[in-house]
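Read off the chains here:
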Amino acid sequence: MKRMKRSSVVAMTLFSAVVLSRPLAAQSKAKQDHPHQYHHYQLIDVGTFGGPQSFLGNNDSNAATVVNQQGTLAGFADTPMPDPFPSFCFGDCYVEHAFQWRKGVRTYLGVLADGVSSAADGGISDRGLIAGHAENGEVDPLIPGFPEIRAVLWENGVIRDLGTLSGGYESYSAAVNNQGQVVGVSENTIPDANSMFLPGYQSRAFLWDKQRGMRDLGTLSGGTDAMGALINEAGQVVGWSYTSSAQSLNCPFPLTTGSFIWDKKHGMTDLGSLGGTCTLAQDLNNRDQVVGSGYLAGDQVSHPFVWDRASGLTDLGKSGGSYSGASAINQNGEVVGGMSLPSDLQIDAILWRKTRGKWQSTDLGTIEGSGCTWGLSINASGQVVGDDCSGNGAFAFLWEEGGSMVDLNTLVLFASGIHINGVITINDRGEIAVSALDANGNSHAVMLIPCDENHTGIESCDYNLVDASAAPQGPAPYVPRTERPPQSRRTNRPHLRDLGASQQN
C-alpha cells in the first residue's frame, strides 16, 4: 500500500483541526474503541547443521542487512564438531558454517579450501551477494596459535577470499552492495597497541571490488587506524577512524574516534563531532544521509545525529537524560534509536522525522515492565523494530503508526518452544530477522513472516488481525545465556548502545 505524502497529511490535519473539531473528537473516541491491530507472524526456525545453535550477524545496526528485500536470509550455524582451536573459538566452540535461507530452503554456503568455519555475517544484497568471514586453514604468524580469518564474498554459491591489506593476515567484511563492492577492516603488519580490530597490529578500512581488489581507504587526519562499516548503492562508504592519539573515556575504541564517509569524488570526509572524543556512525541510506551517536564535550552526555553533505552534522536534540542515539535510517529519511529519560532510569525507543525543515521526535514508549527499549531498524513503511537494551535480552518489539509497541512474542502463531529475545532488521516486505532462545538457552536464527496481503496463501498463517493489548503471552520464558567464551574469534563491531544505554544499571 502506498503511503500518502507527509505534506498532504499535515495540510489535511490543519484543515480538519479548524473546520471539523467535533468530528475529530468523535474519531478520537472511535480510535480508543477500536485500537490498532497487528498481523500474526509465522515463525520459521532455520535450524542448524547438527549443532545446538544458529546465529544472524553480530551487530544491532543496519550495517549488515541479514535479510534482503526478496526475503533471503543469511547467517551461520553450529555443526556437532568441536572447534579445533579451543583457545580461540570461532564462536561457541563448535565448528560453524554459513548458510542462506530462501522460501523454506536452507543452503550450505561452504568454507574456504583448508578452512574449518565460516560465517555469513557481513550482510546480503538484494542481488543475493553475501559477505562474511571464514578461516583459511592457516595460523597467523603474528599471533601465536590464532587461525587466520579472511573477509569473503559468496556469489551464486561460490566463496571468494577477498585477501588482506599490506601483507597482513586478517580481514573482516562488514557490508556489501548490489555491485559486489565489499567494505570492512584488515590488519597490516605495523605494531599498534590500540588496534581497532585485532590486538597488536594496525587496522585499516578497505573497499573491495572485482576490478581493483582490496584498497586501503586511509584514515582521518591524525589517525592511525580505521574500519569500514557501511556501503550504499552509490558506493559511498561509512566507517570509523581514530583522529588523534588522545584517550577516549567512553568509546568502545581506546582512542579519540570519529566517523567518515568516503566516495570517489570527495575521498574521505570527516563527519565532524558534537564536541566529545567519540562519534560513531551507525547507518547509511541511498540519499547521502548518515545517522549515529556522539558524545558532547566532557564525554558524559551523548546525542543522536544525522549527517548529509549539504547540511553537515546535525544534532537531533537533547534528551531528558544523559544519553541518546540514532541507530537506523530508511530511504525516506526517518530515523530510529533511543533516548534516556530524566534521571536516566528509563530508556525509550525514539522515532525522528523531519517536518517543515525541522527534526521532530516521537517517543515510541516501551514494553510494559521494561526500563530499556531501543529502536534498531525501520523499513520504508515506517515499521520499527527493536529490543531490550538493558543487556538482559528479554524481548523484541514491533511498532506501527497508530499503534502501541508490542512484544513480537505475542504475535507469533502456535507454540514454537522458543522465546524471541533480540531483533536484527526488518525489510520493506515486513519480514523480520530475529534471534531467539530455546528452553535450554540455545540461540536460534529466526525469520518472522507476516500473515498479510503481501504473503497470501500460506497454509499455516492466520490472517485475522490481533489486538496487541489482548494478545497472549509468548510460548517460552526468557532464559539467559552467558557461556559464550570471551576468546571468541568472531569480531564484535561496536554499536550505538555502547554510547551509554548499557550503563543504566
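Residue positions are counted from 1 within each chain, in the order its sequence is given. Where local features are concerned, this predicted model is filtered to residues with pLDDT of at least 70; where side-chain atom pairs are given and counted, the filter is 80 or more; whole-chain, interface and lining totals use all residues. Each side-chain value is worked out from all heavy atoms of the structure, with water and hydrogens disregarded.

### Regarding the overall build of the protein chain
For helices the rule is a DSSP run of H or I covering at least 4 residues; for strands it is a run of E covering at least 2, with both sets numbered from the N terminus onward. Counting its regular elements, the protein chain contains 2 helices and 34 strands. Each residue's exposure class comes from its accessible area (1.4 Å probe, protein chains only) as a fraction of the maximum for that residue type: buried when under 20%, exposed when over 50%, partly exposed otherwise. Burial statistics for the protein chain: of 505 residues in total, 59% are counted as buried. Contacts are assigned to residue pairs with any non-hydrogen atoms lying within 4.5 Å of each other. Taking the contacts inside the protein chain whose residues are at least 6 apart along the sequence as the reference set, 52% of them involve residues at least 24 apart. Methods summary: accessible areas were calculated by the Shrake-Rupley approach with a probe of 1.4 Å, and residue burial reflects only the protein chains presented. Accessible surface computed for the protein chain: about 20400 Å², of which carbon and sulfur atoms make up 51%.

### A closer look at unusual backbone geometry
With phi around 70°, Cys93 is a residue other than glycine that occupies positive phi space. On the secondary structure map, Cys93 appears in the loop between strand S4 (73-82) and strand S5 (94-102). Looking at Cys93, the relative accessible area reads 29%, which means it is partly exposed. At Asp114, a position not held by glycine, the phi torsion is positive, near 75°. Following the sequence through the fold, Asp114 ends up in the loop between strand S6 (105-108) and strand S7 (118-119).

### A closer look at the sheet that holds S6
Two strands form a pair only when DSSP identifies at least two bridges running between them. Pairing is antiparallel across the open sheet formed by 4 strands, whose spatial order is S3-S4-S5-S6. With one partner strand each, in any of the chains shown, strand S3 (54-55) and S6 form the two edges of the open sheet. In this sheet, S4 lies alongside S3 in antiparallel orientation, the contact comprising 2 bridges. Note on S4: the bridge partner recorded for Ser54 is Ala77.

### Examining the sheet that holds strand S13 (residues 200-209)
An order of S11-S12-S13-S14 is seen for the 4 strands of this open sheet, with the pairing classed as antiparallel. The open sheet has two edge strands with one neighbour each: strand S11 (171-176) and strand S14 (213-216). If you compare each strand with its neighbour and ignore which way they point, the axes differ by 35° on average. Axis definition: a line fit to C-alpha positions, over the contact stretch in the case of helices; interaxial angles, taken between N-to-C directions, run 0 to 180 degrees.

### Some thoughts on the nonpolar core
The nonpolar side chains of soluble globular proteins are, as a tendency, buried together. Counting 27 residues, the largest nonpolar core has Val238, Trp240, Phe253, Leu271, Ala281 and Val290 as its most contacted members. Among the elements of the structure, strand S15 (226-231), strand S16 (237-247), strand S17 (255-263), strand S19 (275-284), strand S20 (290-296) and strand S21 (302-308) are those that each provide at least two residues to this core. Considering each element in turn, this core owes the most residues, 4 residues, to S19. What we call a nonpolar core is a set of buried Ala, Val, Leu, Ile, Met, Phe, Trp, Tyr and Cys residues that are connected through their side-chain atoms within 4.5 Å.

### Things to note about the pattern of salt bridges
Whenever Lys or Arg places a side-chain nitrogen within 4 Å of a carboxyl oxygen from Asp or Glu, that contact is recorded as a salt bridge. For the structure shown, the criterion picks out 9 salt bridges. For Lys210, the salt bridge goes to Glu155, with nearest N and O atoms at 3.0 Å. Of this pair, Lys210 sits in the loop between S13 and S14 while Glu155 sits in strand S9 (residues 147-155), placing them 55 residues apart in sequence. The exposure class assigned to Glu155 is partly exposed, which follows from its relative accessible area of 22%. Arg353 is the salt-bridge partner of Glu334, the closest N and O atoms lying 3.0 Å from each other. Here Glu334, found in the loop between strand S23 (324-329) and strand S24 (335-340), pairs with Arg353, found in strand S25 (residues 347-355); they are 19 residues apart in sequence, far enough to count as distant. For the pair Glu334 and Arg353, one class covers both residues: buried.

### Brief notes about the pairing of S24
Sheet faces and side chains relate simply in a regular strand, where the side chains alternate between the two faces. Buried residues dominate S24, accounting for 6 of its 6 residues. Along S24, one buried face is formed by Val335, Gly337 and Met339 and the opposite face, lined by Val336, Gly338 and Ser340, is buried too. With antiparallel pairing between neighbouring strands as the criterion, S23 and S24 make up a hairpin whose turn holds 5 residues, including Gly333 at a positive phi of roughly 85°.

### So, the environment of Ser381
Here Ser381 shows up in the loop between strand S27 (373-378) and strand S28 (384-388). Here the alpha-carbon distance between Ser381 and Asn427, two residues 46 residues apart in the chain, equals 9.5 Å.

### Observations concerning the state of the cysteines
Any two cysteine sulfur atoms within 2.5 Å of one another count as a disulfide. Within this structure, the stated rule accounts for 4 disulfides. One disulfide bridge connects Cys451 with Cys461, the sulfur atoms lying 2.2 Å from each other. Where Cys451 bonds to Cys461 through sulfur, the torsion about that S-S bond is close to -80°, and the disulfide is left-handed. Pair noted here: Cys451 is in the loop between strand S33 (443-450) and strand S34 (466-467) and Cys461 is in the loop between S33 and S34, with a separation of 10 residues, a long-range link. Using a relative accessible area of 12% as the deciding quantity, one classes Cys461 as buried. When the cysteines engaged in disulfides are numbered in sequence order, the protein chain pairs them as 1-2, 3-4, 5-6, 7-8.

### As for the packing of aromatic side chains
Each Phe, Tyr or Trp ring, with Trp reduced to its six-membered ring, pairs with another whose centre is within 6.5 Å; inter-plane angles below 30 degrees give stacked pairs, above 60 give edge-to-face pairs, and intermediate values give tilted ones. A full pass over the atoms with the stated rule returns 6 aromatic pairs. Ring plane angle 50° and centroid distance 6.4 Å describe the contact between Tyr172 and Phe197, whose orientation is recorded as tilted. Remark: Phe197 occurs in the loop between strand S12 (182-192) and S13 and Tyr172 occurs in strand S11; sequence separation between them is 25 residues. Comparing Tyr172 with Phe197, the two get one shared label, buried. Arranged with centres 6.0 Å apart and planes meeting at 50°, the rings of Trp240 and Phe253 form a pair that is tilted. Note that Trp240 is positioned in strand S16 and Phe253 in the loop between S16 and S17, a separation of 13 residues in sequence.

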